[in-house]
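Examining the three-dimensional arrangement
So you can see what is in the structure, the chains are spelled out below.
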Amino acid sequence: MVTPADTVDVPGIPLPDRRLRRHQRLTSTADFEATYAQGKSCAARTLVMWLHHGPGASLRLGVVASRVIGNAIKRARAKRRLREAWRLNRNRFHGEVDVVLVARRSILTASWQDVNDDLIKLARKAKMIE
RNA sequence: GGCAGGGGGCGUUCGGUCGCUCCGGUCUAAGCGAAAGCCGGCCGGGGAGGAAAGUCCGGACUCCAAAGGGCGGAACGCCGGUGCCUAACAAGCCCGGGGAUUUCCUGUUAAAGGGAAGUCACGGAAAGUGCCACAGAGACGAUACCGCCACAACUUGGCCGAAAGGCCGGGAUGUGGUAAGGGUGAAAAGGUGGUGUAAGAGACCACCGGGCGGAAAGCAAUGACCGCCGCAUGGUAAACCCCGUUCGGAGCAAGAUCAAAUAGGAAACCUGAGGUGGCCCGCCUCGUGUUGUCGCGAAAGCGGCACGCGGUUUCGGGUUGAUCGCUUAGAUAAAUGACUGAUCCCGUUCGCGGGAAACAUAAUCCGGCUUAUGCCCUCUGCCUUUC
RNA sequence: GCGCCUGUAGCCUAAUGGACAAGGCAUCUGACUUCGGAUCAGAAGAUUACAGGUUCGACUCCUGUCAGGCGCG
């Protein structure tokens, strides 16, 4: 289980790499369609995780927030939370897999800790984390 | 103090760590690349709004070669403005003015007149067509149900009289006059008062309203005021329509460049093709060929027609990526978040907890409008409390 | 970016500018039944999305909002 200490800076310990650059993201329509075509997904209360195994897969992230989430403010907020949760936990994951995270409506009202726990739970289900 | 409305302003604190994006500088081990460079490190700087929204309007900009006339279509319609916008005009918006109209108060016998608040998509109803339900006698070049009045003939009652007859009535019928009154309606060819009359009526008179003409003033719309007209053509154009003005179309997924991939096929129809759009006309551009044929010519060649090229429709194949456009924000599955410190506010069991917001995220740019929303200032109206 | 459509009782639909906005399903009440269903009879339920305007009169016409939906590139 993730603890608050994992997301808080601890003095004296060198920080791991927590960057999430453009080349670590899924940026083309073809990437998303290939992910949906494999059809592997699992859901939690605040998000849905789609998995894409294949050559070149290197823990790249794509985020999706559809119109049912709300207006542009709410969609941007949902995508920011998904990106932040992935960025802070990415070095704990492993495997040759790309991931598309789809926001659900309850991500707007859930606490930050709940979103984090849901991501860890789905990653454990996908065997990306011990 | 509270509520509602109008106007104006601001839209919310200062740091740290990690992370995102763009720009500039600098360094670069490995990897990729012909190179520039990509990736990566460090330093410095920039990084959503008043509405970014809705997309209701207008413009810039781009392409359709240029963008003419008519029909059709759309939008707009009082006047002015050194306002916004623009090279400039029209339209739109804004500001001011004029006029009309609704509600309330005042005023009047009733009107007129005066005041406050609001609304106006404010050219034309004597160019034409349509519609005006129900009610009502009558609803548009208006009508006559009840009623009122006159006359004619009939019938009947009372009184007077010796009688003939006379006087006072009643009933119903017919002819004519009338539009004052009743009643219907949103609306009945002006309103109130009087004169007049058989009864009445702008028939006539006074005031008010209306129409026409002139006109002080005003840039103008308009219009103080004066004269004339007894008053004539009800409403509806946010019904069709008429008049005037303006408008070519599509839109940054516009469009330009580069690279890659695929295709460069089939069928039917047309015979100059295209610009050309909803349609037509005119105009403009291109008009090729070892082709055929006809005519002219000594020849070069010119002209006509046909065919090919070509055009339209359908089917089939294909429909990817990058750069520019693009910005002192400039992304492209789309950038502001997580944690934490200070400061301020609220609550507190004095350990601390909560909050720093609401509405709402640029996508080529600019302007207007509308809508959403927190706080502050100011004005108006109403209610409550105190003096 | 451009273009278009819809909003009527809880739901689905009607209504030429003209009286209290009509019908079906659903709801409620009563009858029938031992009880329920079906059936029969009756009742209730609408500020016609909102605001304004035109008109004597608006669900209808016009304007502006709000909400929802569709199409094209």
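Residues numbered from 1 in each chain as written. Chains lettered and ligands numbered in written order. Predicted model: local features only at pLDDT ≥ 70, side-chain atom pairs only at ≥ 80, totals over all residues. Heavy atoms only, no water.

1. Quick notes on the environment of Ala-76
For clarity, the threshold we go by: Comment: elements are numbered from the N terminus, with helices defined as DSSP H or I runs of at least four residues and strands as E runs of at least two. We call a residue buried when its accessible area falls under 20% of the maximum for its residue type, exposed when it is over 50%, and partly exposed in between, using a 1.4 Å probe and counting protein chains only.
Tracing the chain through its elements places Ala-76 in helix H2 (residues 72–89). When its relative accessible area of 29% is taken as the criterion, Ala-76 is described as partly exposed. Measuring from C-alpha to C-alpha, the distance between Ala-76 and Arg-25 comes to 16 Å, with 51 residues separating the pair along the chain.

2. Considerations on the nonpolar core
Here is the rule: We define the nonpolar core as a collection of buried residues of types Ala, Val, Leu, Ile, Met, Phe, Trp, Tyr and Cys that are connected through side-chain atoms lying within 4.5 Å of one another. Whether two residues touch is decided by their heavy atoms; if any such pair falls within 4.5 Å, the residues are in contact.
In terms of nonpolar packing, the biggest core is built from 30 residues, with Met-49, Trp-86, Phe-93, Leu-101 and Met-128 touching the most fellow members. When sequence neighbours within four positions are dropped, the list of residues in contact with Met-49 reads Lys-40, Ser-41, Cys-42, Val-99, Val-100, Leu-101, Leu-119, Leu-122 and Ala-123.

3. Let's talk about the pairing of strand E3 (residues 61–64)
Put simply, the test is: Any two strands with at least two DSSP bridges between them are considered paired. Crossovers are described as right-handed under a simple rule: with the strands pointing away from the observer, the path leading from the first strand over the helix to the second runs clockwise.
Across four bridges, E3 lies against strand E4 (residues 97–103) in parallel orientation. Pairing of Val-64 across the sheet is with Val-102, part of E4. Between the parallel elements E3 and E4, the chain passes through H2 in a crossover that is left-handed.

4. Some thoughts on the protein's contact with RNA strand B
For clarity, the cut-off: Put simply, a residue is near a molecule or strand once any heavy atom of it comes within 4 Å of that molecule or strand. Counted as a polar contact is a pair of N or O atoms within 3.5 Å, where, for protein atoms, one must be capable of donating a hydrogen and the other of accepting one, and residues adjacent in sequence contribute only when both atoms are in side chains. Ten residues, namely Ala, Val, Leu, Ile, Met, Phe, Trp, Tyr, Cys and Pro, are considered nonpolar, four, namely Asp, Glu, Lys and Arg, are considered charged, and the remaining ones, Gly among them, are considered polar.
Surrounding RNA strand B, one finds 25 residues, the nearest of these being Arg-19, Arg-21, Arg-25, Leu-26 and Arg-80. Close to the protein, within 4 Å, the atoms of RNA strand B belong to sugar or phosphate groups at a rate of 67%. A distance of 2.7 Å is found between a sugar or linking oxygen of RNA strand B and a backbone nitrogen or oxygen belonging to Leu-26. The backbone of Ile-73 places a nitrogen or oxygen atom 3.3 Å from a phosphate oxygen of RNA strand B. In terms of residue count, the dominant contributor to the surface near RNA strand B is H2 (seven residues). Partitioning the surface near RNA strand B into residue classes produces eleven nonpolar, four polar and ten charged.

5. A few points about the confidence of the model for chain A
To keep things clear, this is the line we draw: Each residue carries a pLDDT score, the predictor's confidence in it, ranging from 0 to 100.
Looking at chain A as a whole, the pLDDT averages 75, with 85% of positions reaching at least 70. Every residue in residues 1–15 is under pLDDT 50, and counting partners more than four places away or in other chains gives twelve contacts. Prediction confidence for the complex, expressed as pTM and ipTM, is 0.71 and 0.76 respectively.

6. Some remarks on the packing of H2 against helix H3 (residues 112–125)
When two helices pack together, you describe them by how their axes are tilted relative to each other and by the distance separating the axes. We count it as follows: Lines fitted to the C-alpha atoms define the axes, with helices restricted to the stretch that makes contact. Angles between their N-to-C directions range from 0 to 180 degrees. Between 65 and 115 degrees an angle is taken as roughly perpendicular, under 35 as roughly parallel, over 145 as roughly antiparallel, and anywhere else as oblique. Rotating anticlockwise by less than a right angle from the far helix to the near helix defines a left-handed crossing, while the corresponding clockwise rotation defines a right-handed one.
It is the contact of H2 with H3, at a shortest axis distance of 10 Å, that shows an interaxial angle of 60°. Taken together, the axes of H2 and H3 are oblique relative to one another. Crossing of H2 against H3: the hand is right-handed. Contacts between H2 and H3 involve Arg-81, Glu-84, Ala-85, Trp-86, Leu-88 and Asn-89 on the former and, on the latter, Trp-112, Val-115, Asn-116, Leu-119 and Ile-120. Split into classes, the residues belonging to the contact of H2 with H3 amount to seven nonpolar, two polar and two charged.

7. Observations regarding H2
Where we set the bar: The length a helix should cover is 1.5 Å for every residue beyond the first.
If you check H2, its first and last C-alpha atoms are 26 Å apart, about what 18 residues at 1.5 Å a residue would give, namely 26 Å. When H2 is considered as a whole, its buried residues turn out to be Ala-78, Arg-81, Leu-82, Ala-85, Trp-86, Leu-88 and Asn-89. Turning to H2, the residues buried within the fold contact strand E2 (47–53), E3, E4 and H3.

8. Some details on the sheet that holds E3
The mixed open sheet is built from four strands, whose spatial order is E1-E2-E4-E3. Two strands close off the open sheet at either side, each with one partner strand: strand E1 (40–43) and E3. Averaged over all pairs of adjacent strands, the angle between their axes in this sheet comes to 20°, without regard to strand direction. Packed onto the sheet, H3 meets E1, E2 and E4 and runs at close to 35° relative to E2.

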